[in-house]
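Observations on chain architecture
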Amino acid sequence: MLGGVRPTGWFPLGAGRATSRAEPGAQGGDAAGDRQAPDGRQAVEALDAAEVGPVGAVGPTGSVGSAGSVGSAGSVSVVDATVAVVGGPSGSVPARPAVDVSPLPAGSHPGPMRLGVIDIGSNTVHLLVVDAHRGGQPQPAASVRAPLRLVELLDADGSLGPAGEQDLTACVLDMRQQADALGVHDLAAFATSALRDATNGEQVLDRVKGATGIAIGVLPGEEEARLTFLAVRRWFGWSAGRLLALDIGGGSLEIGAGMHEDPEVVASLPLGASRLSRDWLADNDPPKRAELAELRRYVRAQIAPVVGTIYHLGEHTRAVATSKTFRSLARIAGAEPYSRGPYTRRVLRRDDLAEVLARLSRMPVEERAGLPGVSASRAGQLVAGAVVAAEALDLFSIDEVEICPWALREGVILRRLDWLTSA
């Protein structure tokens, strides 16, 4: 039992999701240069001046889903990607159903609650704790993170080996103990790209559950995009109009677009910064010009089919970016540091990004690690992340993106809060 309430469980994220309206609000965590605890995990820290970033995901090849009567999904061919369109013609292939594991019983849950979420991403395992109540802005209480880098622990056959499973188990158990010590009333846990792609991911998570008591749901790429979009919408509010949200994780690029809290189009593409660095830029540091050119062609080929699908719905009024990769790039380009707080407006302009990419591509990893807003653990994947960001902004004709401090974890918290407080 966590916080003396109930064991950890998962919750429905797909069909039948509750919708609520909240004021844009709280700050997140994940700033560069976090202090390391003596045992190697990141220390618990207040999030008053920190940031939060998401992770990546990849769906099945060429999967397209649509329903309703607004817009037109058509035939979208994306290599090794998942695109889900809400509002296409009838008869289209539906998007994959959301994960639904051990939901809490419906009923009133009055008063403030301390909620926690464990995000098992491709790069980092992150515990986010917030204090929240219905109709209120979730207030960050603490953040614990461990740079596990699961995407690099996968074997050649795509499985997570015994050593990686042992590290994951120890990390999840530690996160549970930290959540208990922090008085978390309700804890949810989810995994994204690395474990979803692992050939033995389901078996590994079954064993982790047996060892830790934590039931971990595997989050589909489409749901990552939806929940990240929800967080962005709640942060900026309805006045932001039609949103286009971009999120570069370790395993994938998530894209969402729409007018409402639930986006009309979501896409999950295999364009995560860690994935591309491993598969395309691992041989040379700094990378050769020919390697970068080949990577750019691949990235453009992945994103291009999604562009027309999104613009068919109407031009966005605001483009927003989340994730540590975008935040680091914005900081290098001159955005204010996160010590100035989450309410400081930060943008990344396409022209500035082109200059940053040119600089990064000439630097060895040690030099990149010394740049403002770049941690040593992320420096190796920053060039690939910059390529994805630059090509996305170019293909979507975005002059600048605004950096949103809320992302996937906040989206999970918000959806969880909706569920807990629904009658």
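Residues numbered from 1 in each chain as written. Predicted model: local features only at pLDDT ≥ 70, side-chain atom pairs only at ≥ 80, totals over all residues. Heavy atoms only, no water.

Side note on the overall build of the protein
- A tally of helices and strands in the protein yields 12 helices and 13 strands.
- For the protein, the proportion of its 423 residues judged to be buried stands at 59%.
- Restricting the contact set of the protein to residue pairs at least 6 apart, pairs at least 24 apart contribute 72%. (Helix = DSSP H or I, 4+ residues; strand = E, 2+ residues; numbered from the N terminus. Buried < 20%, exposed > 50% of the residue type's maximum accessible area, 1.4 Å probe, protein only. Contact = heavy atoms within 4.5 Å.)

So, the pairing of strand S13 (residues 400-403)
- The pairing of strand S11 (residues 318-322) with S13 spans 2 bridges and is classified as parallel. Each residue of the ladder has a partner; that of Val-320, found in S13, is Glu-402.
- Bridge count for strand S12 (residues 347-349) against S13 is 3 bridges, and the pairing is antiparallel. Residue pairing across strands places Arg-349 opposite Glu-400, the latter belonging to S13. (Pairing = 2+ DSSP bridges.)

Structural notes on the sheet that holds strand S3 (residues 113-120)
- Ordered in space as S5-S4-S3-S6-S7, the 5 strands form an open sheet in which the pairing is mixed. One side of each edge strand has no neighbouring strand; the edge strands of this open sheet are strand S5 (139-146) and strand S7 (217-218).
- Pairing geometry for strand S4 (residues 125-132) and S5, over 7 bridges, is antiparallel. Residue pairing for S5: Asp-131 is matched across the bridge by Gln-139.

Re the pairing of strand S10 (residues 265-269)
- Among the 5 residues of S10, 5 are classified as buried, and the element is accordingly described as predominantly covered.
- Along S10, one buried face is formed by Val-265, Ala-267 and Leu-269 and the opposite face, lined by Val-266 and Ser-268, is buried too.
- Count of turn residues in the strand S9 (residues 253-258)/S10 antiparallel hairpin: 6 residues.

Digging into the nonpolar core
- Within the largest apolar cluster, 53 residues are counted, with the highest numbers of intra-cluster contacts made by Leu-246, Ile-255, Ile-303, Phe-326, Leu-329, Leu-360 and Phe-396.
- Here the element with the most residues in this core is helix H11 (residues 382-395); it accounts for 11 residues.
- Leaving out residues up to four positions away in the same chain, Leu-360 has contacts with Leu-329, Ile-332, Arg-368, Leu-371, Leu-382, Val-383 and Ala-386. (Core = buried A, V, L, I, M, F, W, Y, C linked by side-chain atoms within 4.5 Å.)

Regarding helix H6 (residues 289-311)
- In this model H6 runs 32 Å from its N-terminal to its C-terminal C-alpha over 23 residues, within 8% of the 33 Å that 1.5 Å per residue would give.
- The set of residues buried in H6 consists of Glu-291, Leu-292, Leu-295, Val-299, Gln-302, Ile-303, Val-306, Val-307, Thr-309 and Ile-310. (Expected span 1.5 Å × (residues − 1).)

Focus on the packing of aromatic side chains
- Under the definition given, this model contains 4 aromatic pairs.
- With centroids separated by 5.6 Å and ring planes inclined at 15°, the aromatic side chains of Trp-235 and Tyr-343 adopt a geometry described as stacked. Of this pair, Trp-235 sits in helix H4 (residues 221-236) while Tyr-343 sits in the loop between helix H7 (324-332) and S12; the two residues are 108 residues apart in sequence, bridging distant segments of the chain.
- Take Trp-235: its relative accessible area is 10%, and that puts it in the buried class.
- Taking 6.4 Å as the distance between ring centres and 45° as the angle between the ring planes, the aromatic pair formed by Tyr-311 and Phe-396 counts as tilted. With Tyr-311 in helix H6 and Phe-396 in the loop between H11 and S13, this residue pair connects regions lying 85 residues apart in the sequence.
- A residue is classified by how much of its surface remains accessible, and Tyr-311, at 28% relative accessible area, is partly exposed.
- The buried category is assigned to Phe-396, whose relative accessible area is 0%. (Phe/Tyr/Trp six-rings, centres within 6.5 Å; stacked < 30°, edge-to-face > 60°.)

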